[in-house]
Amino acid sequence: MYYKTFTVSSRKCPADCRLCTEACAKSSDPSNSGVRRISLPELEVETVHACNQCSNPECVAICPAGALTLNDSGTISLDPGRCIGCGLCSMACTHGGIVMKAAERKASKADITDATVEACPINKIEAVDVQQMMDQLKPDIMTHGTTYCPGCLMEFLVRFTMRIIGKENVVLCGSPACCILGGRVDVAHYGCLMTNGSSGLTGLSRYYRKVGKDVTCVGIFGDGATTDIAFGVLSAASERNEHFLYICYDNEAYMNTGIQRSGSTPQFGWTTTTHVGSYARGKKQEPKYVPLQIALHKTPYVATASLMDLDDYAKKLRNGLEASKHGVAFIHVLTPCPTGWKSDPSDVFELSRLAVETDYAPLWEARYGYFRMTKENPNRRPISDFTKKMGRLKHLNETELAATQKAIDNRANRIRKMAEAFPLTDDLDIEELENL
Amino acid sequence: MTTYKYLIIGAGPAALSAVNAIRQSGDIGSIALITRENCDPYSPASLPYLFDDEISEEGLFFKGIRAVAKHGVTLLKGKTVTAINKEKKEVLAGNESIGYEKLLITTGAHPDVKAMERFPGIPFDVLRTFKDYQGLKDGSGIIIYGAGLVAIELAEKLAHKGVSVTVIARSRLLRKYFHKETTDLMAEILTKIGVKLYQGVDIESIDYREGRYNVSLADGTAIEGNRFVCATGVKPTIPFEGLELEHGAIKTDGSQRTNLPDVYAAGDAAAVADFFTGKLAPFAILTEAIEQGRVAGSNMAGQKETYAGGISSNILRCGKDYFFSVGNIEPDDQTTLIAEKEDASFFCAYLKNDVLVGAVAWNHPEYNAGVFRYLIYKQVKISGKTADALKRDPEATALYLMNAKRRQDAVGLITTK
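Rules of the game
- Residue numbers restart at each chain and count upward from 1, following the sequence in its written direction.
- By the order in which they are written, chains take letters starting at A while ligands take numbers starting at 1.
- The predicted nature of this model means local features are confined to residues of pLDDT at least 70 and side-chain atom pairs, given and counted, to a pLDDT of 80 or more, with totals for whole chains, interfaces and linings taken over all residues.
- With hydrogens and water stripped out, all remaining heavy atoms of the structure feed into the side-chain values.
- A run of DSSP states H or I qualifies as a helix once it reaches four residues; a run of E qualifies as a strand once it reaches two. Both are numbered from the N-terminal end.
- Radius of gyration: over C-alpha atoms. The globule rule applied is 2.2 Å multiplied by the number of residues raised to the 0.38 power.
- Residue burial is assigned from relative accessible area. The probe radius is 1.4 Å, only protein chains are included, and a residue is buried under 20% of its type maximum, exposed over 50%, and partly exposed in between.
- Any two residues whose heavy atoms approach within 4.5 Å at even a single point are treated as in contact.
- When charges are counted, neither His nor the chain ends are considered; positive counts come from Lys and Arg and negative counts from Asp and Glu.
- Charge placement uses NZ in Lys and CZ in Arg. For Asp and Glu, CG and CD serve respectively.
- The set of buried Ala, Val, Leu, Ile, Met, Phe, Trp, Tyr and Cys residues whose side-chain atoms join them within 4.5 Å is what this entry labels a nonpolar core.
- It is the directions from the helix axis to the C-beta atoms whose arc is reported.
- Scored between 0 and 100, pLDDT is the confidence that the predictor attaches to each residue.
- In the sections that follow, a salt bridge refers to a side-chain nitrogen of Lys or Arg positioned within 4 Å of a carboxyl oxygen of Asp or Glu.
- A pair of strands is labelled paired if DSSP reports no fewer than 2 bridges between them.

A. Summary view of the overall build of chain A. Within chain A one finds 16 helices and 16 strands. Here the C-alpha radius of gyration of chain A, 24 Å, is about what a compact globule of 436 residues would show, namely 22 Å. Dimensions of chain A along its principal axes, counting C-alpha atoms only, are 75 × 60 × 50 Å. Within chain A, buried positions represent 54% of all 436 residues. Taking as baseline every contact in chain A between residues at least 6 positions apart, the subset at least 24 positions apart corresponds to 67%. Each charge class in chain A was averaged separately, 49 positive and 50 negative side chains, and the resulting centres sit 4 Å apart.

In structure tokens form, the structure reads like this:
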């Protein structure tokens, strides 16, 4: 089971900082030459480099002595006792993870360790340990067989969400959109309509509080309901400070009924009610950005999450569960839909990643109107990297692309400005805000 | 008769790489390795290291034994495949027929000893198999005829062990892989550690009596020794007739397929496309054998993979000095060189049309030869500022360019066109 990894963010190292390499040099492990510092000020590059810990390692494949091993933990280790110093690993590794040590006549891997993470003053290198998340995964509540499209990420979202939340003392609500869950889930389920999800959740949660049962009410609804036809209901429930967790899977159209436009559909996006051709160029309006709209209700918790970072989403779910004891907790997840976006079913996770990397789906959270970015994105990719990868948006011409780029940048930067002006810091007195 | 889903002739690095690729694809079908050798799988690249105890016999077989156990492979030892029935999909080994759904030929290569035809009746050793090593291991006063990687590595190890060794190179040592400046350096190092080295001269005559060799070189030099190793290159081992050949090796396409249905070939036995010219030829380089094995195994298991073509990739340790050369290091008038040279090290990158085509280094063990390989394969553009950076700090620039290219290509992972 692969449970721990180290990530290197694209944050720039301070020009003169070598603390990580110094920490590694102090290590007594001869098979680990430590992280490598890359300093190319002429190219404005200040970063670190280490072994990629590949899952299909070139070095392990070539080592004639079997000195390199892919462990069950997912890391690759080097046994200096078996290493014959032939150098073939450093010739085979196209990731630059192995160097040769001339004096010792041995290879040495450039591995990040906990010491490296501790040494870094700017949190550029982080340990991501999902052991806890993996250990705490609860049973899958989805029944056998699936009635969803090939590659459906909404189905994955439901399964993963419930594996984090569990079914004990939980009622799960859905509606007859894509998230039509009745008969498909092994958890107490209440089917709402698309237009009244938050009302259903209100009634349920108030009932359980009235009879003294500690039951968590969770709703999973799409963007059609959330952004448009049940927006008022959600807004009202947020205003009344109802107690439930609301997860919006945003596939940016009314998908289940045949890919009709919603308030979330991007401008110029093709849907069956916003055609692209000589008469029109897809959806006319810019999309509504519903997570910000809900956050401005100053509810206890709002977050955006992506299925490209399950550990982050799991943390946000737990935050949401806790906050749902005090008011409406809302989590927005951009959910690529191959059928509606006209993309390949196997691309859904890559599209999720691309959405984050292009700032199309910035990741943040907010409590009581105070904001914080949860993921930085200093090397923003151009939006065309995203739009060209799906049939619904690849028709964009230069003007439309420029307009889209501007809209995406504005949307992401608006949140960043909110986070600057109203920062959600650790010293914010949440209790005081809860009691207001 | 037993039929295996995957039958692999040979048990060397290409074979094990194919086994790994098959299992990585998720296929749990039966795999058998059939080898004419009567031992566990091993990599011939390790053999020189046995001579100075840098690897033990246990170490030699460690990886092969582990791989066979881990991947649930049947090992058929001591059997030589001599014929194929391509309609029935069977091979013949001895008088035993073995069936296959997919067949992979990784029979490798065997020593090319035509240089010894001039000296009929003179006994000699070769070094390609474990059995060869066993015959040679207790030898002393060793004469090595040849100038390739096997010859030089063996000489270096023997000298390291304190065994008297002489190398006779008909032209220049490692001529195919390194320039004269580099091999002159290597010659110095080898001589310093005790190798008696003769370059640019051929053998006139060999006299052998009572276990003693008396070798006369064309320039009159007399050399004496107890053992004579012919290390003058290898040629592909072709197991049976019916295979289309190219330059004596089994012709393959980009998926390692041969002309016979469901029959693949990889490694030293195969003729593959040169990355630069596209011409088919045998390419006896270990990195290429591993990659071809991976491509063959993947394709046999139903995944689509392509072999991008062979790039010469050589790394050698001479004493404490590391040397590597990758790609095309023969400059012409279109080649730009980016070189840096110190007293005890050098590095040179060869660019054509702003694209890296080759690299060579001495005493830069911290430079990643594999990353330069990657840059050559991906034809990453290097010009202006990046070329300047490459000159100033080749190690860091190469890593940066590789990472940037990977990031760029990550978008290409998405299959929607």
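B. Region of interest: the nonpolar core. Ranked by size, the top nonpolar core spans 152 residues in total, and within it Leu68(A), Leu7(B), Ile144(B), Leu173(B), Phe324(B) and Phe372(B) carry the most contacts. No other element matches the 7 residues that helix H8 (residues 369-378) of chain B contributes to this core. If we skip the residues at most four places from it in the chain, Phe324(B) touches Met91(A), Phe178(B), Asn314(B), Ile315(B), Ala359(B), Val360(B), Ala361(B), His364(B), Tyr367(B), Ala369(B) and Phe372(B). By size, the runner-up hydrophobic cluster in this structure holds 63 residues, among which are Met142(A), Tyr148(A), Val158(A) and Tyr249(A).

C. Fine view of helix H9 (residues 385-392) of chain B. Residues and elements named next belong to chain B. Residues of H9 that are buried include every one of Thr386, Ala387, Ala389 and Leu390, and no others. Relative to the axis of H9, the buried residues are bounded by an arc of 160° and lie together on one face. Every exposed residue of H9 that faces more than 90 degrees away from the buried side is listed here: Lys385 and Asp388.

D. A look at the confidence of the model for chain B. Residues at a pLDDT of 70 or more form 98% of chain B, whose mean pLDDT is 95. Two numbers describe this predicted complex: its pTM, 0.84, and its ipTM, 0.95.

E. Geometry of the pattern of salt bridges. Applying the stated criterion across every chain yields a total of 51 salt bridges over all chains. In this structure, the salt-bridge partner of Arg206(A) is Glu242(A), at a minimum N-O distance of 2.8 Å. Here Arg206(A) is found in helix H7 (residues 197-210), whereas its partner Glu242(A) is found in the loop between helix H9 (231-239) and strand S12 (244-250), with 36 residues between them in sequence. A relative accessible area of 1% means that Glu242(A) is categorised as buried. Taking the shortest distance from any N to any O, the salt bridge between Arg128(B) and Asp268(B) comes out at 3.0 Å.

F. Focus on the environment of Thr146(A). All names here are of chain A. Looking at the element boundaries, Thr146 is found in the loop between helix H5 (131-135) and helix H6 (153-165). For Thr146, a relative accessible area of 48% puts it in the partly exposed group. The spatial distance from the C-alpha of Thr146 to the C-alpha of Arg184 is 8.2 Å, given a sequence separation of 38 residues.

G. Structural detail: unusual backbone geometry. Residues and elements named next belong to chain A. Look at Gln53: it is not a glycine, yet its phi comes out positive at around 50°. Along the chain, the position of Gln53 falls in the loop between strand S3 (45-49) and helix H2 (58-62). Even without being glycine, Ile259 reaches a positive phi, approximately 60°. Along the chain, Ile259 turns up in the loop between S12 and helix H10 (290-295).

H. Region of the structure containing the pairing of strand S4 (residues 81-85) of chain B. Where S4(B) and strand S5 (residues 90-93) of chain B come together, 4 bridges link them in antiparallel fashion. Within S5(B), the residue paired with Ala83(B) across the bridge is Leu92(B).

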